[in-house]
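Chain by chain, the residues:
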Amino acid sequence: MLHLTDGIWENWSGSVSARPTHVHYPETESELRTVVENAEGTLRVAGAGHSFPPVAKSEATLVSLERYTGIVDADPGARQVTVRAGTPLWQLTETLAEYGLMLENMGDIDAQSIAGALSTGTHGTGTDFGVMATQAAGVRLITADGYVLDLDGDDDRFPHAQVSLGTLGVLSTVTLDVVDGYRLRERKRPVDIEDVLANLEAYREFRNFEFWWFPHTDTALVKTLEETDAAGEPGRLDAIEERIENLAWEGINRIGRRLPRAAPMLNCITTGTFADSERVGPAKDIYPTTRDVRFNETEYGVPREDAADTLQELRDVVESHDVLFPVEFRDVAGDSIPLSPATGRDSTFIAVHAYHRRPYESLVAGAEAVFDRFEGRPHWGKHHTKTAADLESLYPEWESFLDVRAELDPEGLFLNDHLRGVFGV
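Residues numbered from 1 in each chain as written. Predicted model: local features only at pLDDT ≥ 70, side-chain atom pairs only at ≥ 80, totals over all residues. Heavy atoms only, no water.

Enquirer: Summarise the overall build of the protein chain; cite the residues concerned and give the values.
Expert: Secondary structure summary: the protein chain contains 14 helices and 21 strands in total. Here the protein chain has a C-alpha radius of gyration of 21 Å; the compact-globule value for 425 residues is 22 Å, and the two agree. Across its three principal axes, the protein chain shows a C-alpha extent of roughly 55 × 45 × 45 Å. Considering the protein chain as a whole, with its 425 residues, one finds that 57% of them fall into the buried category. Across the protein chain, contacts joining residues at least 24 apart in sequence account for 72% of those joining residues at least 6 apart. Carbon and sulfur atoms provide 46% of the accessible area of the protein chain, an area that totals close to 17300 Å². Computed over 39 positive and 72 negative side-chain charges, the inter-centroid distance for the protein chain is 6 Å. (Helix = DSSP H or I, 4+ residues; strand = E, 2+ residues; numbered from the N terminus. Rg over C-alpha atoms; globule rule 2.2 N^0.38 Å. Buried < 20%, exposed > 50% of the residue type's maximum accessible area, 1.4 Å probe, protein only. Contact = heavy atoms within 4.5 Å. Areas by Shrake-Rupley, 256 points an atom, 1.4 Å probe, with all protein chains shown as cover. Lys, Arg positive; Asp, Glu negative; His and termini not counted. Charge placed at Lys NZ, Arg CZ, Asp CG, Glu CD.)

See the structure below:
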């Protein structure tokens, strides 16, 4: 839902705020078209607010699609569904389950809208799985002149619309390729970070694999997922335990904020509580993780073969900032989407976080210096300082995307100051 208080919009971490002059909550495509046709100044769509940079910021027209949700059409036989763009991932997966269907893959936060998740290149993990936008088979856009534009694989502009940061138009509906419902076994265990890096290829044999390295320690918390037919459901106890863990983590970060030099001791205490754990259930219940402790984050995709070296260089940078939050490591398959951070290469995304009540700008700058040495590409929904001058050499089809953007939105209705810098407009 839109985070709006006394006329001020704020994103989830509190890193971005705005006072839009007009806020709209369309409930139908017709109403959405009317909003776009009558918009003055910049128009941006805000989903769940989980993008950390000012991607969704607008001081003029801000649109929320929180009342424009749900599945429009489902074809279980063809394993395809069409869904309204404002539908949050948790609602989408719950509804898909009623048809015996599921997303092929997703990340561990399910609060985002499907439009936001696709448009920013959001991803899960797994060597065989691309960013979530690779699951899109078609999109319907409301362009700057209020025209309804349907795009699919037969249109050369479709790949540009799969990841577009909302700059080609407002997404109205998305058609997704889905799969039959499946169950997952999740295992978590603490492992020495050097052992993890030495055995990456073995870990990559799992359906899904990721780890979090905790600064000032040698400990990584490794998570693997495998499909299973085993019985079981995540129960109420699992949810209670997650809430308790979040409360404890909030307390530790508050102490770390007051006593930055205590970071090594605090993380040693934290990792000392880790133990092997396992749970089984439907994929829709296993992927999501409760994230109550707010943070700011930067995340870059680097070539998979450079991932271990990148992480090793990041360790000194992160520890020099007394960071408590772990560094996250996830694999993503390459794709052919022009603006996907994984375009043209199998990638590993490495994410650096800071507690939301602590400064993050210096940490981001230090991390970016490392990512730059490995031709890293920023996740569009995470903090970065890149502009068109930096980005054009990283994306083989950069100019092609700019041409499509200019064709569909020649006056820049969907560009705010941040996006003008990103695209050099």
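Having seen the structure, we can now continue with the description.
Enquirer: Can you tell me about unusual backbone geometry, naming the residues and giving the values?
Expert: Located in the positive-phi region is Arg 79, a residue other than glycine, with phi close to 55°. Inspection of the secondary structure puts Arg 79 in the loop between strand S7 (71–75) and strand S8 (80–84). Of note, His 216 is a non-glycine position whose phi angle comes to about 70°, a positive value. By relative accessible area, which is 17% here, His 216 ends up buried.

Enquirer: Give me helix H8 (residues 263–272): which residues, what numbers.
Expert: Burial in H8 covers these residues: Ala 263, Leu 266, Asn 267, Thr 270 and Thr 271. The arc enclosing the buried residues of H8, seen along the axis, measures out at 130°, which places them on a common side. Away from its buried face by more than 90 degrees, H8 exposes Met 265 and Gly 272. (Arc of directions from axis to C-beta.)

Enquirer: Mind laying out the packing of aromatic side chains, listing which residues take part and the relevant values?
Expert: Considering all chains together, one arrives at 15 aromatic pairs under this definition. Relative to Phe 211, the ring of Phe 209 has its centre 6.1 Å away and its plane inclined at 45°; by these criteria the two rings are tilted. Take Phe 211: its relative accessible area is 0%, and that puts it in the buried class. Counting every residue linked through ring pairs, the aromatic cluster contains Trp 12, Phe 52, Phe 214, Trp 249, Phe 274, Phe 295 and Phe 325. Stacked on the ring of Tyr 25, the Lys or Arg Arg 67 has its end atom at 4.5 Å from the ring centre. Seen from the ring of Tyr 395, Arg 377 lies directly overhead, with NZ or CZ sitting 5.2 Å from the centre. (Phe/Tyr/Trp six-rings, centres within 6.5 Å; stacked < 30°, edge-to-face > 60°. Lys NZ or Arg CZ within 6 Å of the ring centre and 35° of its normal.)

Enquirer: Could you give an account of the layout of surface pockets, with specific residues and numbers?
Expert: Considering only enclosed or pocket space, the largest pocket measures out at about 1000 Å³ in volume. Forming the boundary of the largest pocket are 31 residues, of which Lys 188, Leu 221, Glu 245, Phe 274 and Thr 289 lie nearest the centre. Of all the secondary structure elements, the ones that give two or more residues to the lining of the largest pocket are strand S14 (183–192), helix H7 (236–258), H8 and strand S17 (277–282). Of the residues belonging to the lining of the largest pocket, the class tally is 13 nonpolar, 7 polar and 11 charged. Of the volumes computed, that of the second largest pocket is approximately 510 Å³. In terms of residue count, the dominant contributor to the lining of the second largest pocket is H7 (4 residues). Looking at the lining of the second largest pocket residue by residue, the class counts come to 7 nonpolar, 4 polar and 9 charged. (1 Å grid on protein atoms, 1.4 Å probe; cavity = no way out; pocket = protein on both sides within 12 Å on 5 of 7 lines; lining within 4 Å. Points joined across faces, edges and corners; volume = space filled by probe spheres on them. Nonpolar A, V, L, I, M, F, W, Y, C, P; charged D, E, K, R; others polar.)

Enquirer: Now, about the sheet that holds strand S15 (residues 208–213): what can you tell me, with residues and values included?
Expert: An order of S17-S14-S16-S15-S19-S20-S18-S21 is seen for the 8 strands of this open sheet, with the pairing classed as antiparallel. Bordering the open sheet on either side are S17 and strand S21 (377–378), each of which pairs with just one other strand. In the packing of helix H10 (residues 307–319) onto the sheet, contacts are made with S15, strand S18 (295–303), strand S19 (327–332) and strand S20 (347–355), and the angle to S20 comes to roughly 10°. (Pairing = 2+ DSSP bridges. Axes fitted to C-alpha atoms, helices over the stretch in contact; angles between N-to-C directions.)

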